[in-house]
Amino acid sequence: MEYEGTENKKLEEYVTKVMIEMGVPAHLKGYQYLRSSIMMAEEDMEVVGSVTKLLYPEIAKRYKTTEQKVERAIRNAIEVSWLRGNVQIFEELFGYSVQTGNGRPTNSEYIAQIADKISLDLRNESMNMDDI
């Protein structure tokens, strides 16, 4: 699941753009893990249903770290974006935000929702991969 080639580079750029809009700080380790996770989920949503058995082990292997560090870094990146990110985007994507008092989405909810948004955007006739 390496992301090479023009199409995958464009997908990576689009995922990056969405993450920045969400307020995920690029300096956090979890940023890289989250981006890879979203791209994996966009390719195969099955990984979101089994984050501990499929997603975290693959990301840990790719970045030469442990599954526990991957989970924690992703959770931290989501927490930071939840607290400091764009409230309007969170409300649009998740239906709730810090202001409504609901807790932040879980790692798998966050990854699944962003991957689904990206899939829908890319399938939308008005958006072509060339537009990214």
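Conventions adopted
Here the residue numbers are simple positions, counted from 1 along each chain's written sequence. Reporting of local features is limited, given that this is a predicted model, to residues whose pLDDT is at least 70; pairs of side-chain atoms are given and counted only at 80 or more, and all residues count toward the totals for whole chains, interfaces and linings. For side-chain calculations, the full set of non-hydrogen atoms in the structure is used, while hydrogens and water are omitted. Here the aromatic set is Phe, Tyr and Trp, taking the six-membered ring for Trp, and pairing holds for ring centres within 6.5 Å; pairs whose planes are under 30 degrees apart are stacked, those over 60 apart are edge-to-face, and all others are tilted. When a residue's accessible area, from a 1.4 Å probe over protein chains only, is under 20% of the maximum for its type it is buried; when over 50% it is exposed; and in between it is partly exposed. By the criteria applied, helices consist of DSSP H or I runs no shorter than four residues and strands consist of E runs no shorter than two, each listed in order from the N terminus. Along the arc lie the directions from the helix axis toward the C-beta atoms. To obtain an axis, a line is fitted to C-alpha atoms, over the contacting stretch when the element is a helix, and the angle between two such axes runs from 0 to 180 degrees between their N-to-C directions. Put simply, angles under 35 degrees are roughly parallel, angles over 145 are roughly antiparallel, angles from 65 to 115 are roughly perpendicular, and the rest are oblique. For this analysis, residues touch if any pair of their heavy atoms sits within 4.5 Å. Only buried Ala, Val, Leu, Ile, Met, Phe, Trp, Tyr and Cys residues count toward a nonpolar core, and they belong to the same one when joined by side-chain atoms within 4.5 Å. Each residue gets one label: Ala, Val, Leu, Ile, Met, Phe, Trp, Tyr, Cys and Pro are nonpolar, Asp, Glu, Lys and Arg are charged, and the others, such as Gly, are polar.

Quick notes on the packing of aromatic side chains
The tally for this structure, following the rule as stated, stands at five aromatic pairs. Feature note: the residues W82, F90, F94 and Y110 constitute an aromatic cluster, connected by ring pairs.

Here we look at helix α6 (residues 87-94)
For α6, every residue scored as buried is listed here: I89, F90, L93 and F94. Down the axis of α6, the buried set is contained in an arc of 100 degrees. They therefore lie on one face. What points out from α6, more than 90 degrees from its buried face, is the exposed set Q88 and E92. Looking one or two residues past α6, G95 carries a phi angle of roughly 80 degrees, positive in sign.

What about unusual backbone geometry?
Backbone geometry at K64 places phi at a positive 55 degrees, although glycine is not the residue there. Position of K64 relative to the elements: it lies in the loop between α4 (51-63) and α5 (67-84).

Here's the deal with the packing of helix α2 (residues 29-43) against α5
The N-to-C vectors of α2 and α5 enclose an angle of 100 degrees; their axes lie 8 Å apart at closest approach. The angle between α2 and α5 falls in the class roughly perpendicular. When α2 is examined against α5, the residues K29, G30, Y31, Y33, L34 and S37 are found in contact with a partner set consisting of K69, V70, A73, I74, A77 and I78.

Description of the nonpolar core
Where a protein is soluble and globular, its nonpolar side chains tend to be buried together. Judged by nonpolar contacts, the single largest core of 39 residues is most densely connected at M22, L34, I38 and Y110. Broken down by secondary-structure element, the contributors of at least two residues to this core are α1 (6-22), α2, α3 (46-49), α4, α5, α6 and α7 (107-123). Sequence-distant contacts of M22, defined by excluding residues within four places in its chain, comprise S81, G85, N86, I89, F90, L93, F94, Y110 and I114.

Let's talk about the environment of L83
Within the fold, L83 resides in helix α5. Sequence-wise, L83 and R104 are 21 residues apart; in three dimensions their C-alpha atoms are separated by 8.8 Å.

Section: the packing of α4 against α5
The geometry of α4 relative to α5 is characterised by a closest axis approach of 8 Å and an angle of 95 degrees between their N-to-C directions. The pairing of α4 with α5 is recorded here as roughly perpendicular in orientation. Counting all contacts with α4, which are made through T52, Y56, P57, I59 and A60, the residues of α5 involved are E67, V70, E71 and I74. Grouping the constituent residues of the contact of α4 with α5 by class yields six nonpolar, one polar and two charged.

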